[in-house]
Amino acid sequence: MTARIVLVVAALTLQEAARRKVLRALAVLTLALLALSAWGFANLISIEFEGGTFTTGELRLVASQVLNLVMFGLSLIAALGTAFLAGPTLAGEIESGIALSVMARPIRRSTVLLGKWLGLVVFGGGFVTVAGLAQFVIVWSTVDYWPPRPVIGLALLAAQTAVLLTLGLLLSTAVSPMASGVVAVGLFGATWIAGVVGGVGHGLGNESLAQVGTVSQVLLPTDGLWRGAMHAFQDSSALAEFGGPAMQGGFPFLSRAPLTAAYLTWTGFWIALVLGLAALAFRRRDL
Amino acid sequence: MTRDTAARPGAPLLDADVQALASPAPAVWCSGLRKQYRRRTAVDGVSFTVGRGEIVGLLGPNGAGKTTVIKILLGLVRPDAGDVLLLGRPARDPRSRVRVGYLPELFRYQPWLTPAEVLALHVRLAGVEVPVGERRECLAAVGLADRAGDRVGGFSKGMQQRLGLAVALVARPEFVVLDEPTSALDPIGRADVRDLLLALREREVAVLLNSHLIGEVERVCDRVVILDKGRVAASGTLAELLGGRELRLRLGEVNAEAEARLAAAGPLTRSGDLFTVALPAAPDSTTVPDLVAGLVGLGVRVHAVEPGRISLEERLLDILRAEGGDRR
Ligand SMILES: Nc1ncnc2c1ncn2[C@@H]1O[C@H](COP(=O)(O)OP(=O)(O)OP(=O)(O)O)[C@@H](O)[C@H]1O
Ligand SMILES: [Mg+2]
């Protein structure tokens, strides 16, 4: 019974995403980014400097970096898209009154919340997978580079979107639809910057600076997952050979280490916790 | 299940209401509802019952707490105190709403869906099997048959309210709550709603109707509950509330004796040559002719005699003014 309602609401959420303008905006942004990256990668091979082109190893390192850069763009689009879907879908329905007739049905609020969450996760995951695969194909056809662990990387990116939209749902039970989207994206950006600061800290051997990154990655796991995803996309052998200095400086589009199981467990726990809080807040809310 | 909760021995919650013990359980039973928004008390100790198949009007001025009471009944707002039984089940249990239909005061439906899809969604959420044909009939009943395939986002306000009515009625409810169902409707739509309500009565579906159109309430409701400032100011059947009939007479040359004769028939008010006598609830058939004959006998010139029924509107205004006077 409950599971059936979860699926009904999830399907409705997907239908909403598909029929609203968000999807068109996402598609346009994504296509623009993919086209731009295709053009960039096509030029990459022919770049000449100091009289020669890149060696294969160098090319792989640069390709890793640029791929990560473009994937960051994609994850940003996914984050923006889902955060701005997650907010309106709950807070917007409460504000407009759509929630009144829906919640007067024999269903629990937590069921509706879970359904919306599931729908958004599927949407975000689907977007990341399709756009990511398209990007891999572009890189492969232009510079003949295929990331070493594409499935893990994409799964981590999808998890990152899930984290952000869960946060968006929690925020949308408390504040207005627009505000929840803005705050979620703002926090996403802040953790990313904190992650970069932490990376620089590592590079300089400054413990307290490095801590900034670690703490923020625990508080909001988006950046940690993103770094795990980068690690799965980059060519580690090329990195070991040529990447020393880049790694030392904490370059934002290369990652030092894969994710630990503990961190993944924490992420799962974090999502469950935030979703539980959102359910609690939603249940207490007067419509 | 219904009987279990209704007949739980010694439950203080149910002792107060004998009707709750009778089977089947009433459509809704609520007791001592209280709700405060910040420092403002919106609902203050409201209790009433809507029996099966009964149409009850919920009346009161703006801000009286009608919508808040309705939202508490449907579990949309958490009361600070009080109990609600919906179709025999505590309202905390979502399953109590399986056979309940609701048209909110603020009616909005997913703008990206078509009316047919909105109905399909609500049927699915209600967990009831309703064939496509019946859903289409439901849309036709509210006059939306030819718009079934358009997006709701492009609907006018009145069309959205019509869709709301269809949503309230589609899942074969046994109890329907309508919060100002005609606020956006044209005159024909209002007449349609009246017909819908009468059809619901035929099918013994209970209705709680909140409306500012008193004529509408008077025509279809069996009972009314009047709220004022969050409290029940009055409630009862229309006959109880409107019990008195009145007689309006335009008279000339009225002397003291004639005035005494009039006052003997019932409480008398006079303005110029217009006399109004409030008659008892069930006057016998000779009261009026006897009175007129008596007056003529006393030399009074009788210009006009017209029976009048106290309208619900007048009664409502009386009650609310009296309430206002009490508080001041
Ligand atoms: N969400 C809310 N937040 C704060 N106060 C509220 C809220 N909803 C209702 N109120 C207050 O509760 C009181 C009752 O409001 P309610 O909407 O129940 O009135 P109503 O009888 O339905 O009035 P109307 O005839 O205008 O629809 C009002 O004083 C209103 O200001
Ligand atoms: Mg109201």
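Residues numbered from 1 in each chain as written. Chains lettered and ligands numbered in written order. Predicted model: local features only at pLDDT ≥ 70, side-chain atom pairs only at ≥ 80, totals over all residues. Heavy atoms only, no water.

As for the coordination of the magnesium ion (ligand 2)
Residues and elements named next belong to chain B.
Argument step 1. At 1.9 to 2.5 Å from the magnesium ion (ligand 2) lie its protein donor atoms, namely Thr67 (OG1) and Glu105 (OE). Here the residue Thr67 occupies a position in helix 3 (residues 66-73), and Glu105 occupies one in the loop between strand 6 (100-103) and helix 4 (115-126), the gap between them amounting to 38 residues.
Argument step 2. On the accessibility criterion, Thr67 (16% relative accessible area) is buried. (Donors = N, O, S within 2.8 Å, 3.2 Å for Na, K, Ca; no water. Helix = DSSP H or I, 4+ residues; strand = E, 2+ residues; numbered from the N terminus. Buried < 20%, exposed > 50% of the residue type's maximum accessible area, 1.4 Å probe, protein only.)

Section: the pattern of salt bridges
Residues and elements named next belong to chain B.
Argument step 1. With the rule as written, the count across this model stands at 17 salt bridges over all chains.
Argument step 2. In this structure, Asp44 and Arg34 form a salt bridge, with 2.4 Å as the shortest nitrogen-oxygen distance. With a gap of 10 residues between them, Asp44 in strand 2 (residues 40-50) and Arg34 in strand 1 (residues 28-37) connect regions that are remote in the sequence.
Argument step 3. Arg34 gets classed as partly exposed once you look at its relative accessible area, which sits at 36%.
Argument step 4. For Glu259, the salt bridge is made with Arg270, and the minimal N-O distance between the two is 3.4 Å. Remark: Arg270 occurs in strand 12 (residues 268-271) and Glu259 occurs in helix 10 (residues 256-265); sequence separation between them is 11 residues.
Argument step 5. Judged by relative accessible area, Arg270 falls into the partly exposed class, the value being 48%.
Argument step 6. When salt bridges with common partners are traced through the structure, they connect Arg34, Asp44 and Arg231 into a single cluster. (Salt bridge = Lys/Arg side-chain N within 4 Å of Asp/Glu carboxyl O.)

Things to note about helix 6 (residues 157-170) of chain B
Residue and element names in this part refer to chain B.
Argument step 1. Counted at 1.5 Å a residue, the expected span for helix 6 with its 14 residues is 20 Å, and the 20 Å between its end C-alpha atoms agrees.
Argument step 2. Counting buried positions along helix 6 gives 13 out of 14 residues, so the element sits mostly inside the fold.
Argument step 3. In the stretch just after helix 6, Arg172 is the one whose phi turns positive, near 50°. (Expected span 1.5 Å × (residues − 1).)

What to know about the site of ligand 1
Residue and element names in this part refer to chain B.
Argument step 1. Around ligand 1, the structure places 14 residues, and the nearest of them are Gly63, Lys66, Thr67, Thr68 and Glu105.
Argument step 2. At 2.5 Å from an oxygen atom of ligand 1 is found a side-chain nitrogen or oxygen belonging to Thr68.
Argument step 3. Relative to its unbound accessible surface of 640 Å², ligand 1 loses 64% to contact with the protein.
Argument step 4. Sorting the residues of the shell around ligand 1 by element identifies strand 2 and helix 3 as the ones contributing at least two each.
Argument step 5. Here the element with the most residues in the shell around ligand 1 is helix 3; it accounts for three residues. (Near = heavy atom within 4 Å. Polar contact = N/O pair within 3.5 Å; in protein donor to acceptor, adjacent residues only side chain to side chain. Areas by Shrake-Rupley, 256 points an atom, 1.4 Å probe, with all protein chains shown as cover.)

A short note on the interface of chain B and chain A
Argument step 1. Across the contact, 32 residues belong to chain B and 29 residues belong to chain A.
Argument step 2. Taking both sides of the interface into account, the surface hidden between chain B and chain A amounts to around 2,800 Å²; carbon and sulfur atoms contribute 58%.
Argument step 3. Across the chain B-chain A interface, the total number found is two salt bridges.
Argument step 4. Measuring nitrogen to oxygen at the nearest pair gives 2.9 Å for the salt bridge that ties Glu117 of chain B to Arg19 of chain A.
Argument step 5. Linking chain B with chain A are 14 residue pairs in polar contact (both at pLDDT 80 or more), by the criterion used here. (Contact = heavy atoms within 4.5 Å. Buried area = accessible area lost by both parts, 1.4 Å probe.)

With respect to the packing of aromatic side chains
Argument step 1. The final tally for this structure, using the stated rule, is four aromatic pairs over all chains.
Argument step 2. For the pair Trp266 of chain A and Phe269 of chain A, a centre-to-centre distance of 5.8 Å together with 40° between the ring planes defines the contact as tilted. With Trp266 of chain A and Phe269 of chain A both in helix 12 (residues 261-284) and three residues apart, the pair spans about one turn of that helix.
Argument step 3. An aromatic cluster is present here, built from Phe72, Trp192 and Trp226 of chain A joined pairwise through their rings.
Argument step 4. For Lys35 of chain B, the ring lying beneath its charged end belongs to Tyr37 of chain B, and the centroid distance is 5.3 Å. (Phe/Tyr/Trp six-rings, centres within 6.5 Å; stacked < 30°, edge-to-face > 60°. Lys NZ or Arg CZ within 6 Å of the ring centre and 35° of its normal.)

Structural notes on the environment of Leu59 of chain B
All names here are of chain B.
Argument step 1. Here Leu59 is to be found in strand 3 (residues 55-59).
Argument step 2. Its relative accessible area of 1% is what places Leu59 among the buried residues.
Argument step 3. As a C-alpha pair, Leu59 and Val277 span 218 residues in sequence and 27 Å in three-dimensional space.
Argument step 4. If sequence neighbours within four positions are ignored, Leu59 has contacts with Lys66, Ser211, Val217, Val224, Val225, Ile226, Leu227, Leu312 and Leu316.

Considering the sheet that holds strand 9 (residues 223-228) of chain B
All names here are of chain B.
Argument step 1. Pairing within the open sheet is mixed, and its six strands lie in the order 6-7-8-3-9-10. Whereas interior strands pair on both sides, the edge strands pair on one side only; in this sheet they are strand 6 and strand 10 (231-237). The mean angle between the axes of side-by-side strands here comes to 15°, regardless of whether they run parallel or antiparallel.
Argument step 2. Pairing of strand 6 with strand 7 (residues 175-179) involves four bridges; the strand directions are parallel. Among the inter-strand pairings, Gly101 is bridged to a residue of strand 7, identified as Val176.
Argument step 3. Contacting strand 3, strand 6, strand 7, strand 8 (206-210) and strand 9, helix 3 crosses the sheet at an angle of about 150° to strand 8.
Argument step 4. Sheet strands in contact with helix 7 (residues 187-202) are strand 3, strand 7 and strand 8, and its direction is about 150° off that of strand 8. (Pairing = 2+ DSSP bridges. Axes fitted to C-alpha atoms, helices over the stretch in contact; angles between N-to-C directions.)

Here's the deal with helix 9 (residues 222-233) of chain A
Residue and element names in this part refer to chain A.
Argument step 1. Here helix 9 is 12 residues long and its end C-alpha atoms lie 17 Å apart, about the 16 Å a rise of 1.5 Å per residue gives.
Argument step 2. Counting buried positions along helix 9 gives 12 out of 12 residues, so the element sits mostly inside the fold.
Argument step 3. Among all positions of helix 9, only Thr222, Asp223, Gly224, Leu225, Trp226, Arg227, Gly228, Ala229, Met230, His231, Ala232 and Phe233 are buried.

Description of the packing of helix 4 of chain B against helix 6 of chain B
Residue and element names in this part refer to chain B.
Argument step 1. For the pair helix 4 and helix 6, the least separation of the axes is 9 Å and the interaxial angle reads 30°. Judged on the interaxial angle alone, helix 6 and helix 4 are roughly parallel. The chirality of how helix 4 crosses helix 6 is right-handed. Between helix 4 and helix 6, the contacting residues are Pro115, Val118, Leu119, His122 and Val123 on the first element and Leu163, Ala166, Val167 and Val170 on the second.
Argument step 2. Looking at the contact of helix 4 with helix 6 residue by residue, the class counts come to eight nonpolar, one polar and no charged. (Parallel < 35°, antiparallel > 145°, perpendicular 65-115°, else oblique. Left-handed = near helix turned anticlockwise from the far one by under 90°. Nonpolar A, V, L, I, M, F, W, Y, C, P; charged D, E, K, R; others polar.)

Some points on the confidence of the model for chain B
Residue and element names in this part refer to chain B.
Argument step 1. In the predicted model, chain B carries a mean pLDDT of 85, and 90% of its residues have values of at least 70.
Argument step 2. The weakest mean pLDDT in chain B belongs to helix 1 (residues 2-6) at 42; the strongest belongs to strand 7 at 95.
Argument step 3. Here residues 1-20 scores under 50 on pLDDT; set against residues more than four positions off or in separate chains, the count is 21 contacts.
Argument step 4. Complex prediction metrics read pTM 0.83 and ipTM 0.83. (pLDDT = per-residue confidence, 0-100.)

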